[in-house]
Amino acid sequence: MASSNPAFSRNAAFGAPGAVAAGKVLSDSDLQGLFNAPSAGSQETDRMTYDDTIRKTVLSFVILLAAAALGWVITPVTMIPLILGAVVGLVLGFVNAFKKEPSPALILAYAAAEGLFVGGISVVFEQMYGGVVTQAVLATLVVVGVTLALFASGKVRASKRATKVFMIAMIGYGVFSLINFGLMAFGANTSAFGLRSADFMGTGIPFGVIIGLLAVVMAAYSLVLDFDYIQRGVNNRAPRKYGWTGAFGIMVTVVWLYVELLRLFAISRN
């Protein structure tokens, strides 16, 4: 099954069961020795676990939030943190996504850069649309929490058909975003949100609200894919270092979800 995150799809550790090579055939004496030995945790086996992945994810988000607080304070004085965070975050995002081996230092550096960007863009939106940041934060927590609960209960799972539809929708959304950015950058559309500000079929509802809701649904399904690949990594007994890959994947999706919700609530003010 294809994933939206190359960090997962390019690693056999997150593939179908059996993707990680099995060990050698054990003799009777080897089996008896293993039976008599005490059980080993992730530190001894150096295998990926849910607990270890959660710890890495929490650490990444702590750094992201600390950097976001810094961006929130500095951006009203200068836009440098916002611009620097956006550029560095984009570069490190691609580097981490296409690296075969996860690098904790680069992933944490990405968290710091994204934090500067998130804090900067948040304070800009808050100055223009008071209260929108609180709405976006609460909505992000709700979407992540509900998606995780549904996945953990087994009521929501990634499927080949849904993933194909998701990938097609992502490509279409990416093309639309590039066109909209180009129109705004070259002055062809001077609206605050470009094509997103346009009236949707005479309903009085901004087009950005409609496409924003679609983006939120896509981000939620991207979370399902992230959870699914982490589950596969644990079941495949992937090396412990790939817990960083899981943390990176979730962080990318949550930041995307937050930015989409931030923009959605801002557009809906009109």
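Everything in this summary refers to the structure shown in the same document. The shown structure was predicted, so the numbers you read here are calculated from the model rather than taken from an experiment.

## Considerations on the layout of surface pockets
Of the voids in this model, the largest pocket is the one considered here, and its volume is about 2,000 Å³. As for the largest pocket, its lining consists of 44 residues, and the residues nearest its centre are Leu-90, Phe-117, Trp-256, Val-259 and Arg-263. Elements with a contribution of two residues or more to the lining of the largest pocket: helix H5 (80–98), helix H6 (104–128), helix H8 (160–185) and helix H10 (243–268). When residues of the lining of the largest pocket are assigned to their parent elements, the largest contribution, 12 residues, is made by H8. Taken together, the residues that form the lining of the largest pocket break down as 31 nonpolar, 9 polar and 4 charged. Estimates place the volume of the second largest pocket at around 850 Å³. Lining the second largest pocket we find 31 residues, and of these Thr-57, Phe-61, Val-144, Ile-250 and Val-254 sit closest to its centre. Among the secondary structure elements, those contributing two or more residues to the lining of the second largest pocket are helix H4 (50–74), H6, helix H7 (132–153), helix H9 (207–235) and H10. It is H4 that contributes the most residues to the lining of the second largest pocket, 12 residues altogether. Looking at side-chain class alone, the lining of the second largest pocket contains 24 nonpolar, 6 polar and 1 charged residues.

## Things to note about the side chain of Ser-122
Positionally, Ser-122 belongs in helix H6. Classification of Ser-122 by relative accessible area gives buried; the value is 3%. The contact partners of Ser-122, leaving out residues within four places of it in the chain, are Trp-72, Val-133, Tyr-258 and Leu-262.

## Considering H9
Between its first and last C-alpha atoms H9 spans 42 Å; for 29 residues at 1.5 Å apiece the expected length is 42 Å, and the two agree. Burial analysis of H9 places 22 of its 29 residues in the buried class, the great majority of the element. Where H9 terminates, the next one or two residues include Arg-237, which has phi positive at roughly 55°.

## Some details on the environment of Ile-80
Secondary-structure assignment places Ile-80 in helix H5. Note on Ile-80: relative accessible area 55%, which makes it exposed. Along the sequence, Ile-80 and Gly-120 sit 40 residues apart, while their C-alpha atoms lie 9.1 Å from each other.

Conventions used here
Residues numbered from 1 in each chain as written. Predicted model: local features only at pLDDT ≥ 70, side-chain atom pairs only at ≥ 80, totals over all residues. Heavy atoms only, no water. 1 Å grid on protein atoms, 1.4 Å probe; cavity = no way out; pocket = protein on both sides within 12 Å on 5 of 7 lines; lining within 4 Å. Points joined across faces, edges and corners; volume = space filled by probe spheres on them. Helix = DSSP H or I, 4+ residues; strand = E, 2+ residues; numbered from the N terminus. Nonpolar A, V, L, I, M, F, W, Y, C, P; charged D, E, K, R; others polar. Buried < 20%, exposed > 50% of the residue type's maximum accessible area, 1.4 Å probe, protein only. Contact = heavy atoms within 4.5 Å. Expected span 1.5 Å × (residues − 1).

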